[in-house]
Structures are given as C-alpha cells and as structure tokens.
Amino acid sequence: MKKNPLNFFCILLFFIVSVHAQRETANWFFGVNAGLNFNSGIPEILDMGQVDTLEGCSSISDANGSLLFYTDGVTVWNRLHEPMPNGTDLAGSLSSTQSCIIVPNPGNANLFYIFTADVVDAYNGNNAGPSNGFNYSVVDMSLGGGMGFVTTKNVNLLGSTSEKVSATISSDGNYWVVTHRNNQFFSFKVTAAGVNAIPIVSNTSNAVPDYRNIRGNMKISPNGQKLAIAHTLFEPTQAGSLYLYDFDSTTGFVSNGQFIADEIVFYGVEFSSNSTRLYASGKAFGINFLTNMQLQQYDVTAADVPNTKYIVYDYPSAQVTPSLAGSLQLGLDKRIYHALPSSKLSTINTPNLLGAACGFDYQSVDLGSNFARFGLPATVQSFYESIATIENFCLGDQTTFTVTSENTITGINWNFGDLASGTANTSTAISPSHVFSAAGSFTVTAQVTFSNAPDQLFTEIVVIQETPNIAPLFTIEQCDVDDNDTDGLSVFNLQEAITVIEEDNGSDDIDIMFYENLNDAQMNENSVPNNFYANTVNNQILYARVFSYIDCFAITQVRLSVNPGSNLGVYDTIDVCEVGDTNISISQIETTVGNDFPGATITIYSTRNDALLLENQLSDFSFIDVNTTDELFFRVSYGSNCGFIGSIELNIVAQPTVEDQQAFLCGDIGSAVELSFDENFSSYSWSTNETTPSIMVSEVGTYTVTVTNSAGCEKEVNYIVVAEPPLTIDRIDVQDFQDVNTVQILLTPESDPENITYSINGGNSFSESNEFVNLYPGVYDIVVRRGECSAASETILVGGFPKFFTPNGDNINDTWQLLQKEYYPNATIELYDRYGKNLNYIKADSQWDGTYKGTLLPSGDYWYKLTLESGRVVTGNVTLKR
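Since this is a predicted model, take the numbers as computed values, not measurements. (Residues numbered from 1 in each chain as written. Predicted model: local features only at pLDDT ≥ 70, side-chain atom pairs only at ≥ 80, totals over all residues. Heavy atoms only, no water.)

Caption draft 1: Up close: the sheet that holds strand β56 (residues 771-773). Strands sit in the order β53-β54-β56 across an open sheet of three strands; the sheet is antiparallel. Strands with a single pairing partner mark the edges of an open sheet, and in this sheet they are β53 (729-735) and β56. Recorded for the sheet is a direction-independent mean angle of 10 degrees between the axes of neighbouring strands. Note that β53 and strand β54 (residues 742-747) share six bridges and pair antiparallel. Bridged to Asp733 within β54 is Gln744. (Pairing = 2+ DSSP bridges. Helix = DSSP H or I, 4+ residues; strand = E, 2+ residues; numbered from the N terminus. Axes fitted to C-alpha atoms, helices over the stretch in contact; angles between N-to-C directions.)

Caption draft 2: Broad picture of the side chain of Ser61. Mapped onto the secondary structure, Ser61 falls in strand β5 (residues 58-61). The class for Ser61 is buried, based on a relative accessible area of 2%. If we skip the residues at most four places from it in the chain, Ser61 touches Arg23, Glu24, Ala26, Asn27, Ser66, Leu67 and Leu68. (Buried < 20%, exposed > 50% of the residue type's maximum accessible area, 1.4 Å probe, protein only. Contact = heavy atoms within 4.5 Å.)

Caption draft 3: Spatial organisation of the state of the cysteines. If you walk through the whole model with that rule in mind, you get three disulfides. Note on cysteine connectivity: Cys394 is disulfide-linked to Cys552, with sulfurs 2.0 Å apart. Across the S-S bond linking Cys394 and Cys552, the dihedral sits near -110 degrees, which makes this disulfide left-handed. Taken as a pair, Cys394 in the loop between β29 (388-391) and β30 (399-403) and Cys552 in the loop between β40 (540-547) and β41 (553-563) lie far apart in primary sequence, 158 residues in all. Assigned by exposure class, Cys394 and Cys552 land together as buried. (Disulfide = S-S within 2.5 Å.)

Caption draft 4: Local environment of helix α1 (residues 495-505). Those residues of α1 that fall on the buried side of the exposure criterion are Glu496, Ala497, Ile498, Val500, Ile501 and Glu502. The inward-facing, buried residues of α1 contact β36 (473-479), β37 (491-493), β38 (511-515), β40, β41 and β45 (631-638). Taken from the residues just after α1, Gly506 is the one with a positive phi, measuring 85 degrees.

Caption draft 5: Inspection of the confidence of the model for the protein at higher detail. For the protein, the average pLDDT comes to 88, and 95% of its residues sit at 70 or higher. Below a pLDDT of 50 lies the segment residues 2-21, which in the model reaches 93 contacts outside its immediate sequence neighbourhood of four places, other chains included. (pLDDT = per-residue confidence, 0-100.)

Caption draft 6: Up close: the nonpolar core. Phe69, Val103, Phe115 and Phe134 are the most contacted members of the largest nonpolar core, which totals 36 residues. Going through the elements one at a time, β6 (67-71), β8 (100-105), β9 (108-117), β10 (134-140), β11 (149-158), β12 (165-169), β13 (175-181) and β14 (184-191) are the ones with two or more residues in this core. For this core, the element with the highest residue contribution is β9, accounting for six residues. Discounting residues that sit within four places of it in the chain, Phe115 has contacts with Ser99, Cys100, Ile101, Val103, Phe134, Asn135, Tyr136, Leu157, Val177, Val190 and Val195. Counting residues in hydrophobic clusters, the runner-up holds 32 residues, among them Tyr337, Leu340, Ile348 and Phe360. (Core = buried A, V, L, I, M, F, W, Y, C linked by side-chain atoms within 4.5 Å.)

Caption draft 7: Molecular detail of the sheet that holds strand β33 (residues 433-434). An order of β29-β30-β33 is seen for the three strands of this open sheet, with the pairing classed as antiparallel. The outermost strands of the open sheet, each flanked by one partner alone, are β29 and β33. Strand direction decides the pairing type here: β30 and β33, joined by two bridges, are antiparallel. By the bridge assignment, Thr399 is partnered in β33 with His434.

Caption draft 8: Highlighting unusual backbone geometry. Following Glu235, the chain continues into Pro236 via a peptide bond in cis, with omega recorded as 0 degrees. With respect to the helices and strands, Pro236 occurs in the loop between β18 (226-233) and β19 (239-247). Unlike most non-glycine residues, Asn86 shows phi in positive territory, near 65 degrees. For Asn526, which is not glycine, the phi torsion reads 55 degrees and is therefore positive. Locating Asn526 in the fold gives a position in the loop between α2 (518-523) and β39 (532-534). Under the relative-accessibility criterion, Asn526 is labelled exposed at 57%.

Caption draft 9: Focus on the side chain of Thr379. Relative to the assigned elements, Thr379 resides in the loop between β28 (360-366) and β29. Separated by 2.9 Å, the side chains of Thr379 and Tyr384 make a polar contact. Leaving out residues up to four positions away in the same chain, Thr379 has contacts with Thr25, Ser58, Ser59, Ile101, Ala167, Gln329 and Tyr384. (Polar contact = N/O pair within 3.5 Å; in protein donor to acceptor, adjacent residues only side chain to side chain.)

Caption draft 10: A look at the packing of aromatic side chains. Tallying each qualifying case throughout the model produces 41 aromatic pairs. The interplanar angle of 70 degrees and the centroid separation of 5.0 Å between the aromatic rings of Phe185 and Tyr245 together place this pair among those described as edge-to-face. Residue Phe185 is located in strand β14, and its partner Tyr245 is located in strand β19; the two are separated by 60 residues in the primary sequence. Comparing Phe185 with Tyr245, the two get one shared label, buried. Members of the aromatic cluster, connected to one another through ring pairs, are Tyr113, Phe115, Phe134, Tyr136 and Phe188. Lying across the ring of Phe234, Arg215 places its NZ or CZ 4.2 Å from the centre. Just above the ring of Phe804 sits the side chain of Lys881; from NZ or CZ to the centre is 4.9 Å. (Phe/Tyr/Trp six-rings, centres within 6.5 Å; stacked < 30°, edge-to-face > 60°. Lys NZ or Arg CZ within 6 Å of the ring centre and 35° of its normal.)

Caption draft 11: Highlighting the pattern of salt bridges. Tallied over the entire structure, the rule returns 14 salt bridges. Close ionic contact of Lys226 with Asp246 constitutes a salt bridge, the shortest N to O distance being 2.6 Å. Of this pair, Lys226 sits in strand β18 while Asp246 sits in strand β19, and the two are 20 residues apart along the sequence. Exposure remark for Lys226: the relative accessible area of 22% places this residue in the partly exposed category. With relative accessibility at 24%, the residue Asp246 sits in the partly exposed group. A salt bridge links Arg335 to Asp333, with the shortest nitrogen-to-oxygen separation between them at 3.4 Å. Through salt bridges that share partners, Asp210, Arg212 and Glu235 make up one connected network. (Salt bridge = Lys/Arg side-chain N within 4 Å of Asp/Glu carboxyl O.)

Caption draft 12: Highlighting the environment of Thr428. Here Thr428 is to be found in the loop between β32 (426-427) and β33. When the C-alpha atoms of Thr428 and Ile412 are compared, they prove to be 5.5 Å apart, with 16 residues separating the residues in sequence. Setting aside residues no more than four positions away along its own chain, Thr428 makes contact with Ile412 and Asn413.

Here it is in structure tokens:
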C-alpha cells in the first residue's frame, strides 16, 4: 500500500496579470519546525523550518516558487532560515489564531508588509489592556544582500483588535487587509504608496464584546466577494458561531451578515478555490467537556446556505485534541489542509465539489519528524483563486474544465500544455474537455476576457494518472484449522492479497480496497475491511479496486481458496536450544521442520490463529518465556499460499554454560599460550579453523570459539588474549624469629592483580595466596607470575633459632646456634637464665653448649637477646634438655 497516500492529482494554480501572482504560496512553514514545498504539485517535506508556533504563521515565495521569508508574527526568518536583521520582537503572538499575514506591495516587488494581530491573553477585562493591537512591519528584500531587512517595525493601526486577519486583491489590483473587533470590520488598503492607516470600517449587528471570545479564523473567499468568520467562544461557557458576509473588493466594505450555525465551537474556516463552498472546523461541546469534532461544508451559492450543511468528517473522540478544532487552509494544489497536533495533516482533496465528492482524506500528508499544531500559514486569499473545476484525471479519459464566475465571461483561450495532442491542444470553449496524450504533469493556461472586470490569466497544473495494469485474477490459498477442517471455511488475511497485487503492479504505490460484489467495487460502496475476512464458501470471489488516484482504478478478482487436510495437529516433539533467559532458537525450529517440507517457507507463531493470519511471527529475537512455553505453531507456505499448519512440542535445552575467557601472553620472544576450557563439550569450532578442545596462539587478540553440547546447542565464546601486564613487587614483609614465621608478598598498586600466583620455592609450586605461614628459617626464592608467565622474583631470608637443644654428648642437638648464621656475620647473642643473670655473650657465628664457665647448666628455659648488624633486636627463649 502507499506509505503516504496522496489521492489527488489536480493542482490548480493561478495568477492575475496585474500583480503577477503565481507560486507565492509554494512554501509553508508552521507548527513545530514543519514545512511543505508544493512546487512539484505534491507537497514535499521541508526540514529546515525554524518556527515553533501554537497557531498563527505566514510564508511568502517569489513568482517562481522560491522561498523569500516566513514569520510566526514575532520573528522573521529569511530563505536561509536565519533571523532577518531587525526581524525580532514583532507585535504578534505565537498563540494568536491568525497572528500574522504577509502582503506584497503591488508596485514594488521588493517590499512586503507583515500585519500582526495580538493574542487574547494580552487584553484585560476593559478591552484596553497592554495588548499590542493590530500592527504592520515592512520588509525590503533588496537589502541584506537580497536576504531582506525589516526596515520598519510595529506600526500601530489599531489599539485593540481580535486574533483574526485576512487579505485579498482589490478590484483595482491593490490589496485589502481586513481584521475584526466586536461588531466591526476594519479594512486597510495596501497600494504602491504603502499602507493606508485610515481603515474602511464596517459595522454589523453581530457583536462579540468579551475580549476572551476573540479567537477563531476569518477568511475572505479567493474571488474576493465573501467573508467567513468563526467565533470561538470561551466565556461564559464553551460555544461558537459561524457567519458569512459579503465583501466588496472595490470599497472594502463588509455587509449582509448571515448566521450559518452555532452548534459547535467553530475555529477554522476556508473557501474552496472557486469560492462556491465554505468549510468550517469545530468541536462539539457538552456540559463540562468537549466531545468529538466535525468538518462541515456549506454551499455558498445556495439561497439558503445554512441548510446546505454537509458533515465532511466526524472525528472520533480518540482523535480529538482539547480546546481547539484546528485551522483550515487552501494550498497551492487547491486542496484544503486541516491542522491538528500531529505529524500529519488531513486534506479535503476536491473542495470545489459538493458532499462526499469533496474527498476528505484523514492524515494523508506526512510531515516527517516535524509536527503540526493548530495553525497553518495565512496568505492573500486571492492567490488561491481558480476559475475552473477540473475533473477526470485518468489517462484516456475526457478531462473536463467547468468554469464558474461571478463576472460575465466573454471569451477564454485555453492552452492545455499538451503539444503531442496537436490541434486539440487549444480551445476557445468556455468549459472545454481534453484527452491528454500521456500521463504526467501539464500546465494549462486560460486567458479569460470579462465584460465587467479586468482580463485575467489563470494557470492550472493538471496531473494525469495511469490506471494500474493488474492481472484479472489472483488466488489466495488458506489453511483450514478450525473444528471442522473439511468445510472449506477459514479466515483470510487480506494483506496477503495486497502483497501479491502490489508485486504484480511492480510497486506498492497503490491503494487497494475489497468488495463482495462487482457493483460495489465499481461504485466504491460497502467495502470490506482489508485485514481479516471470513469466507462464506470455498473459492469465494472478492473484488479488489486498485488505484493510485481514487478515480483511476482497475478491478481484479481475488479467489479465496481453502485447502482441506491442511491441519497437521501436533506434528512432532523436538529439542530446541535456549538462547539466554528469554529466547529460544526459532531458526533451529524452522530448519528442523523445513527438512520435511522442501521448497516451502516455514514460519513460527505462538498461537494457531497467529499462524493462520500471519500475525506476530516469531524470530530468534522474540521474547519467549522458557519456563512456560512447551508448544509453538508453524505454518508451511508455498509462495503466498498456506500449505499446512501444525504444532510442535518443545523440549527446551539450555545452551552451554561457559563465559568469555581471558589469557595472558608472556612477553618472551616466541611465547605462546594455550586456550582451553575446564568444561568438556561435544565440539569446538575456533576462529582459527581448528576444531580441537584447545589451541596454542602466539599473538594477542580476540579468538572466538563456538562450543556445542550433546544436545546440539551452541554458544559462541570470546577468548581474549592480552599481553602480560606489568608486574612489580613492592615489598616483602618477613615476620621471622617467631614461633610461627610468616611472609607476605605485596605488589605495586599499578600491577594488575588478575590471575596472579605466588611461589616461595623458586617456582616449583605456586599459590593464589600472597601470604605464607609457619616457615622454617632459611633462604626462600620468591617468584610472582601471571598465568604461566614468570614476571618478578626476589630472594629473602627467614631467620630463626632452634626451640630446644640436648647437650648430652650424643652429637645430636648438642649445641644451640643461630640458623643460617653465615648470613649474620656481625650479629651478637646474649644469654640469660630465668633470673636475668647474664650467662654468656657470643658471636652469631658461634654456638652454645649449655655451660656457664665450664659448669653444666641444668635443664630449663633460657632467654636470649639477638642484636643484628642492622640494629634490629630479637628476643626469645630456648629450652635446654638433659
């Protein structure tokens, strides 16, 4: 289906010779950075807009459709989307219904006037508050290097006004700018000499005295003969009213007010391009709240306009935005656009036509990442005037041009811009028809001569569309999986039919609607929903209306065929691998089932109904509760046709439980490190193309290995090999000459502690602990390594004495001496009995035999004092046994 359907192809542009108006309305900027370009005939997204306005705004382009500048009534931006010099702090408001309108100087193409109307909140209860009122500023495009300059700013015309302003071309080729206050209309003339500050004042019988009720739109018809005004009333209660007046483009007078309606809170108003139809938007109101919203149409040419009301669209409550019903605005393509807070605009596609033929299209124009609010750009309404209503835009049809005018036409010279049509390319008929020679865009001109008005040249751009070339019949086959799987009845997802029709068309830039009989399809009546459809008989025929433009359609048949015997029930029980905690391997199921159905496409679903209707297809990334899911459903499709549907019971198997690994490569030249696992797996597939349980690598980097368990479940593991980080021993704390000697090895803070082991025997054995206890006195070779890399080493001495000796002459422990005494050449030892009597004073390299001055000392405990060369003093006791 078309992603942004634009069901319109008649783009009506015009200009009046005296003011050269052609594409001045080609660029719009509104809402929150929203923008549209109409130059191609179809609105295209503009992303550079700087406006961020709740309601009013205005844009102006040159005659060729190139942007000049735009404004929100407060700031003016040039065509580079930069604030124009002196173009800030204009006297409008971001929250005024029609905060501003741009009007050209009719005698100087470089001069423009920005008229601004202040917001309701600027007034107080006396209607004489701090409001800026009604003002104008002047833009000179010859300045600022052709980028424009605001030369005059905020010239006050009225001390108070409303949020309404509109403009039209006067009968003498100048302009009228009209605003409203209470029961008065103020018409200001703009000529080559500038703005006449003395307005034409029109008094009416309809008064809106409360400043809180000055919201709502006002528009002059494109032909300059009618004026419509919407009064959006907030006080004392929510209400609204719609009035239609006559406007005299010669004098500027507003007269003959006609009440139209007051049953909704009117806000937006707009005329069709030929000025024969009036459209209004409004919200219905209840006691304390607003409910739904309507777009209404009225026939301005009727004798009793109020009784011609036609509801173009009745917005459901879910589509309603509080408080305001949104502005309506003609576009360069002569469609009427409706703005509400959204990233899309709705359209009335053929507003010159009465009733349903006006062609409302909800949210048909995409604004991309930008956003509309309640306002659309106000411009001179005459720029949108059309003299003809054009119908029939299909290639091969007679395209008709029906001319209506309040003035008396004496002649029209038509040029259809279709040179390939030969002599048929021109016509002098008042309302001609033409068969265009090809699909595409054609510029049609009409030079109109009036007996009671100046001659005018109108330009209409007509886009002719081809009717889709579609095969006459498509068959969609569906499975039958209900309780009676032989009755030929099932439910079809018509999106399948849409897909095959789009493929046959070669593009999805089409719309498709379905009907139960040919007449309904031809008349575009009683369409069925284009999602799910329950057939009433096997091989039932639906009729599809295929079109790009609503009237350029082809009708094709769609046969709904049901396959009996397509319900496979519980088909199999399979092992399936768990992937994480919330997924299973759907692709594994697809492969396993697909082995039984060569050439078919297998898709997996949570329910049988989803499989039938092709909804919520599962993938490896779908969330599946592995604790509760024991059955899934599969669909066997051949092309777009359903072959079989069945279910599979699941035995969910956990994937291998192994985490990413790390190894250190030693810094020695030619070093290698083994990559292996503590766990055993059924198979290994390394990124080095090896399939062994372990590999040797000699380069740093990340190696991947896919390990598979006995159930066939796989897991990819990263094995990260890094160079051995620096490793430095900070100090070794030795607690010796103790009953229990200890050694603690401490590394520098910058040394990575990961995977460090320690040895005190020169690397013969290692411990993960850096502390060693109960060490016998002696020399220890300390080695610290990371992994298998020897990284740092030191040699330490653990000092100590024997705890006892037995001087009994058996040559075993007959003397007591300092262990490892060769390492203490200058140490001294003092010996004492239990009373503190000094018994001996010896060198550390000497020994004591248990005597005092040649006399044997008795068994018992004796105390010593060891003084090392470093000054360290160690005291303790030794036991003498006889």
